Amino acid sequence: MVKNWAGKPIWVVFSILLILAVGSFAILVTGDATLAQIQGTEGLDQVFIPIADRPREPNWPMAGANPQRTSWNLEEVQGRLKPLWYRPIEPFILDKVQIVAALGNLYISTARGLYALDAATGAEKWVYPTELPLGHSPTIHQLTAYVGGFDRKIHAINALSGKGLWTFEAGAGFDTNPLVAEGLVLAGNRDGYFYAIRADGFNSGELAWKFKTGGPIHFSAAYKDGVVYFASDDSHAYALTAETGRLVWKSGKLPGSGFHSWWPVVYQDWVIFPGSNNYRGAVKPGDTLSYHTLELADVYPNYRADPRGTFVGPLGNEPGDWAPRTPTINTSRPTVTSQGSTTPITEYFENDGRVDLSRHDHKPWRRTYFVLNRFNGKELTFDSDHDGNPEYAPILWFGTHGTGNRYPPVVGSDGVIYQPSNFMSDSSIAGGNIVGWKIGTPHISLLSKGWSAVDEPMALSAGGNLIYIKRICDRLAGSINYAIPAADLGSGRGVQGSVDRGWSYFEYNLPELVPGYNTLFYPGDPYDLHRMPAYGVRNGSYGCHGDENPPIAYRGRVYVQNSNSIIAFSINADRPARLPLLRTVIIQNADINASEATLKSILTSEVEKILAAGHLRPGYYSSGLFDHYGDRRCGSVLSDYFSNPAETLITLLDALPYLSPDLQTRTRVYLQSEFSKYPPYKYTHIGWRDGAPREVFYLPPEVEADRLKFGPQTEVFGFEGWSFNPIGFYAMWKYAQVFGNAKGIFDAGKVKLESPPPNSFLLEMPHVHNAYIAGYWGYLELEDMAGYSESRAVRNELNRLLQLRKDNFSKEIPEIYFQDRNRHYCRALGGSRNFMYLVPELATFLRENAAPKVQAAVEEFERDLPYWFASKIEATYGEGSTNHLYDTNALFQARALILQQPRSELVKYLDVPAFQVG
């Protein structure tokens, strides 16, 4: 066993850091873009393209196509395309990763490296393997590919041969797409810094400058006229000079839950930031409705009675340079029906300076689409009703559940920005589609009336006069030619509109067109909530209902990434060729290291933040529909991170020996205060009413008002596993070891010990099983410290629980999770369920009695959940955007406590905190 710091096992240090980072003990090239006039086609005299320096061919060299991230190039592939060839790639591909096309190749970032395919044939060109996952799409500049990864490096790779040229290492992983401008590689990092690295010359790969923000940077940057634009997870947008890193402006704090996955779009004098909402789904505090339903009820107050498809505003034909005969909606006026009227979007987002939660209009904090002046960072407002109150962009939410970001707009050749938006009512889920918008006006244009549920994200790209579309879960893809006059906008469910304006590539029939393309996903019906597919074997939990990547047009074909396969579509295709699976290349090259002093410094910093904040309320975070199911069905209030007082106590007690004498003293005071106010023998939930926030984001006013009603709770209601979490007894024992008074603590808490649920329940939910083992262990140890004779019945029950755990340890998800609607979201815990509530005593028992099974489980999850160690990664089961926070700590604890992996291995998986504090 590797030891340090007064002979303590090194895994203890890593475990504490992971607990603090994740937030719970229990889970422990083109040139500059301006408008240039070119000759139009398809009935238009002129169109406008957003790139001045037209490339020699219409490449797609980076996510968003160019440094302005307009997602537009010249490539216009018209017609009803059919599959030409398809090729599955074994390592997992994040759904936010775009296919990059340049130099005759396709470049795809995966969890085990960068793959290059011949764009014409799909043949493998080369693989640049990595041990740890890549974080986003590569960028091809001249003959070099630049890509960032969770090995904390930017990799510069020869784009023709795949040979590594240089690497640059930062403080944490890169999960943004780099851009190249002014001889620099520019990328934000999860450590909160924005980095500029020299791309060329003898000093290539060296740091030019870096700029610190107040949170992790998951949002890629855009560039124009010497300035880079990006957002940090501190809820601020930034503009820096590319050459020096000087701050040009920092925006005010923006509503929502931060910025993930995508990028800002530079458009004329504006920079557009697609944002997020900050509502948890059907979980208190806050409304028990999802964000989609809240917006539906506010914007369409009579949605249960009005006809399905009622427009949010009156339909007309706004004059101007829209695409020909495209109808528009005036979002500043209501649609009047026999039941009443809709709420104008401009009114809904209008800021009248009040927060009146009883009203269904005037909720500016719910906007998720931010248009900032690129010169000073001020948010665009206008006043269409002339009442003196500012109004914002009239774009409603369109995206999946959870705290992920809406997809960015694309800039059409007509100078219009296009994005999905909600504009039709329904009795349960509003509908929408792609709309055009003229900045500063209340008018949006409709490319199609085709129905798309607003909680089913779509991704867009553009080429020539086409917009290419793809929807989640391999449901449909196609294109719309907005230059063709809109003689008849289709009214079907598809996104393509009428046949005279757009083309469908597939629509709910992709498995028939390309049999076996989804062979790397465990079988399931993506349209049946019980049988949603997930990557890998049946225990996998990375699904398909979160981020989405668009079709990419290149050299007369259109390429899509669906279910880990690259599919080429062509107008001349007949029968698609199924190409062989591209296998994982195994390599060990993540040479990450951290000294003991560095680890101790990180630990000190995290503990200092807790002490400075004082008592902390639970961590507020949403991963999607798992919020609701994790609240009572798959566990006990799993969506309320650090809600059990035992979690904070155990974490800081573990940290105590590694702190300086002064910090130890102050931490002891903090622990005594927490134990006194929230004793683990009394409370199983610290409540939401009191305490400092762990997250950096503002909570919505409705949630703020509601949380004040939730004080500490003495029991959990509605969960079959327990009414009082037994982990509290383990915390009591550990606290008594340091502060004494074992008898008083035991006497106060002993009545809280519950009998475990039936064996069938424990086998279904091993994390509940683990908590009972930890609780019974703590009970007996505390009883002994208190001077009492051992309770024979408790000892017998602990032995029975341990024997049951030994005999039945299994990594396999129970069949009930695939069959029962009330259980199927528990599949999200596939990788973590065996190792939540893991304590060292149980870890020792499992190492001695089930080590081969644990090793097999860890190896499987390493393959099928390769981003397990990354907090808030954009991959989760079912309808959701970012993963829950349980995989990180659970799988790390399995490696450290059970398998006792060395520091050199464990240090690779230290990520950044999921919460700003605690």
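Everything below is about the structure shown above.
Everything in this summary refers to the structure shown in the same document. Because the structure is a prediction, the values reported are computed rather than measured.

A few points about the packing of aromatic side chains
- With the rule as written, the count across this model stands at 56 aromatic pairs.
- Centroid distance phenylalanine 92 to tyrosine 535: 5.0 Å. Interplanar angle 55 degrees. Geometry classified as tilted. Of this pair, phenylalanine 92 sits in the loop between β6 (82-88) and β7 (100-102) while tyrosine 535 sits in strand β40 (residues 534-535), and the two are 443 residues apart along the sequence.
- The exposure class assigned to phenylalanine 92 is buried, which follows from its relative accessible area of 3%.
- Under the relative-accessibility criterion, tyrosine 535 is labelled buried at 4%.
- A ring pair is formed by tyrosine 772 and tyrosine 776, whose centres lie 6.4 Å apart and whose planes are at 55 degrees; its orientation type is tilted. Placement of the pair is tyrosine 772 and tyrosine 776 together in helix α13 (residues 766-785), with a separation of four residues, close to one helical turn. Tyrosine 776 shares its class with tyrosine 772; the two are buried.
- Linked through ring pairs, Phe92, Phe150, Phe521, Tyr535, Tyr542, Tyr867, Trp868, Phe869 and Tyr909 together constitute an aromatic cluster.
- The ring of tyrosine 193 has lysine 210 lying over it, and the distance from NZ or CZ to the ring centre is 4.5 Å.

Overview of the packing of helix α11 (residues 742-749) against α13
- Two elements in contact, α11 and α13, have axes separated by 8 Å at closest approach and are oriented at 130 degrees. Here α13 runs oblique to α11, going by the angle between their axes. Once α11 is placed against α13, the crossing between them reads as left-handed. Side by side, α11 and α13 meet where Ala742, Ile745 and Phe746 of the first sit next to Tyr779, Leu782, Glu783 and Met785 of the second.
- The residue makeup of the contact of α11 with α13, split by class, is six nonpolar, no polar and one charged.

A word on the pattern of salt bridges
- Tallied over the full model, the rule gives 46 salt bridges.
- Across the pair lysine 470 and glutamate 548 runs a salt bridge, and its minimum N-O distance is 2.6 Å. With lysine 470 in strand β36 (residues 466-471) and glutamate 548 in the loop between β40 and β41 (552-554), this residue pair connects regions lying 78 residues apart in the sequence. With respect to burial, lysine 470 and glutamate 548 carry one shared label: buried.
- Across the salt bridge formed by glutamate 704 and arginine 707, the nearest N and O atoms sit 2.9 Å from each other. Taken together, the positions of glutamate 704 and arginine 707, both in helix α9 (residues 701-707) and three residues apart, correspond to about one turn of that helix.
- Residue arginine 707 is classed as buried on the basis of its relative accessible area, which comes to 10%.
- Taken together, the shared-partner salt bridges in this structure form one network comprising Glu131, Glu862, Arg895, Glu905 and Lys908.

Details of the state of the cysteines
- Within this structure, the stated rule accounts for one disulfide.
- The disulfide bridge from cysteine 634 ends at cysteine 826, spanning 2.1 Å between sulfur atoms. Every disulfide takes its handedness from the sign of the S-S torsion; for cysteine 634 and cysteine 826 that torsion is -90 degrees, giving left-handed. Of this pair, cysteine 634 sits in the loop between α6 (626-632) and α7 (645-655) while cysteine 826 is found in the loop between α15 (816-819) and α16 (840-864), placing the two residues 192 residues apart along the sequence. Cysteine 826 shares its class with cysteine 634; the two are buried.

How each quantity is defined
- Residues numbered from 1 in each chain as written.
- Predicted model: local features only at pLDDT ≥ 70, side-chain atom pairs only at ≥ 80, totals over all residues.
- Heavy atoms only, no water.
- Phe/Tyr/Trp six-rings, centres within 6.5 Å; stacked < 30°, edge-to-face > 60°.
- Helix = DSSP H or I, 4+ residues; strand = E, 2+ residues; numbered from the N terminus.
- Buried < 20%, exposed > 50% of the residue type's maximum accessible area, 1.4 Å probe, protein only.
- Lys NZ or Arg CZ within 6 Å of the ring centre and 35° of its normal.
- Axes fitted to C-alpha atoms, helices over the stretch in contact; angles between N-to-C directions.
- Parallel < 35°, antiparallel > 145°, perpendicular 65-115°, else oblique.
- Left-handed = near helix turned anticlockwise from the far one by under 90°.
- Contact = heavy atoms within 4.5 Å.
- Nonpolar A, V, L, I, M, F, W, Y, C, P; charged D, E, K, R; others polar.
- Salt bridge = Lys/Arg side-chain N within 4 Å of Asp/Glu carboxyl O.
- Disulfide = S-S within 2.5 Å.

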